Amino acid sequence: MSRYLDRAYAGLDAYTPGEQPQDRTYIKLNTNESPYPPAPAVLRAIDAASVADLRLYPDPACTALTAALAETYGVQPENVFVANGSDDILNFAFTAYGANGRRVCFPDISYGFYPVYAALHHSEAVTRPLREDFSIDPADYFEAGGMVCIANPNAPTGLSLPPDVIEDILRHNPDQVVLIDEAYVDFGATSVVPLTACYENLLVVQTFSKSRSLAGGRLGYAIGCADLIADLMRLKFSTNPYAINRLSLLAATAALSDPAYYRENCARIAQTREKTAAALRTLGLTVLPSKANFLFASAPGVDGETLYLGLKARGILVRYFSKPRTRDFVRITIGTPEEMEALTAAVRDILGPGETPPTA
Ligand SMILES: *Cc1c(COP(=O)(O)O)cnc(C)c1O
């Protein structure tokens, strides 16, 4: 830290992204990327001419992509906001609705960026503990007194809430923005995008990073009532109007042209998830019932860091967490069936022979 840094940022505990190792080839199950490539239309969309066009600024209004998203979700373009990754949208939302002492309410175990943005924007962060089974108690968010921020499915648990429960939270917070982060919704949970037509306080955030295989393209979007979207636009155009590059705009628009491809990918990933969960349970692991493209699992007698290190030594990367309630767990991204078989074999190897699993 230099002596010039504003004291307000001196204590910031920045978000730690998952490893992106450059030294050797791992089976990478640590950052919830898709194991499958983007749709063929995406690969065709980026050609020599589009690269040559990089001399020009991109369309700051993202007109074509916004129209395609509006069509995909059955809303109007004025209900859609596009940004450089959904992290960018979370940042704007915390700025707009939770900065400078205003309250932001989220679960104690959730996406690691919420507390980081809360600290960055000097929010009053109010965390609500998950229940013993890691589920969210909706009543914890009734009359929240500030913006509510919930990932559905939640990360890193993978557990999801049905729309009527989210509607209950919306109804109890008419004067607060309720942000539902649906980064993983396409893998088996139900989206609340349709509720944006009825609730002016609902902001739904999604991303191209996970289900649409474009993590490297950096594209997120929000859907909500026109006034909320206008707020986010105001912040985007006060920060970096050209934040989304031309190639990513082309890639994302092309991705939306082939929904069947992504539906099949998501179905395949969900199927691999269920198979992997069953295999890990047979080995004696506790695996939460996930609706996301990852599993949250703990092995008997082995903490998360030990399991992580054992897997890393065997060429497989997963993620572990250090909080008391999550330190026994690892989060395992769903890869290809072959990758998950390698993972299961490695876990079996680490637990060793003679570890007869307790019968559930
Ligand atoms: C991955 C993730 C994001 C961020 O996605 P980007 O669009 O890549 O920035 C947001 N929220 C949750 C819960 C995530 O897991």
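Definitions and cut-offs
Residues numbered from 1 in each chain as written. Predicted model: local features only at pLDDT ≥ 70, side-chain atom pairs only at ≥ 80, totals over all residues. Heavy atoms only, no water. Pairing = 2+ DSSP bridges. Helix = DSSP H or I, 4+ residues; strand = E, 2+ residues; numbered from the N terminus. Axes fitted to C-alpha atoms, helices over the stretch in contact; angles between N-to-C directions. Contact = heavy atoms within 4.5 Å. Near = heavy atom within 4 Å. Polar contact = N/O pair within 3.5 Å; in protein donor to acceptor, adjacent residues only side chain to side chain. Areas by Shrake-Rupley, 256 points an atom, 1.4 Å probe, with all protein chains shown as cover. Patch = residues over 30% accessible without salt bridge, like charges linked within 9 Å, V, L, I, M, F, W, Y side chains within 5 Å. Salt bridge = Lys/Arg side-chain N within 4 Å of Asp/Glu carboxyl O.

1. Comments concerning the sheet that holds strand E5 (residues 147–151)
- On the basis of which strands lie adjacent, the open sheet formed by seven strands has the order E2-E8-E7-E6-E5-E3-E4 and mixed pairing. Only two strands of the sheet have a single partner each, and these edge strands are strand E2 (80–83) and strand E4 (124–128). Averaged over neighbouring strand pairs, the angle between their axes works out to 20 degrees when direction is ignored.
- In this sheet, strand E7 (residues 202–207) lies alongside strand E6 (residues 178–181) in parallel orientation, the contact comprising four bridges. Bridged to Leu179 within E7 is Leu203.
- Of the strands in this sheet, E2, E7 and strand E8 (220–224) touch helix H3 (residues 63–73), which is tilted by about 130 degrees from E2.

2. Details of the site of the ligand
- Every residue lining the ligand is accounted for by Gly85, Ser86, Asp87, Tyr111, Asp181, Ala183, Tyr184, Thr207, Ser209, Lys210 and Arg218.
- Taking Ser86, its main chain carries an N or O atom lying 2.7 Å from an oxygen atom of the ligand.
- One nitrogen or oxygen atom from the side chain of Tyr184 is found 2.5 Å from an oxygen atom belonging to the ligand.
- Relative to its unbound accessible area of 390 Å², the ligand is 93% covered by the protein chains.

3. Focus on a nonpolar patch on the surface
- Together, Met1, Leu5, Tyr9 and Leu12 make up a nonpolar patch on the protein surface, roughly 410 Å² of accessible area in all.
- You can see Tyr9 is positioned in the segment before strand E1 (27–28).

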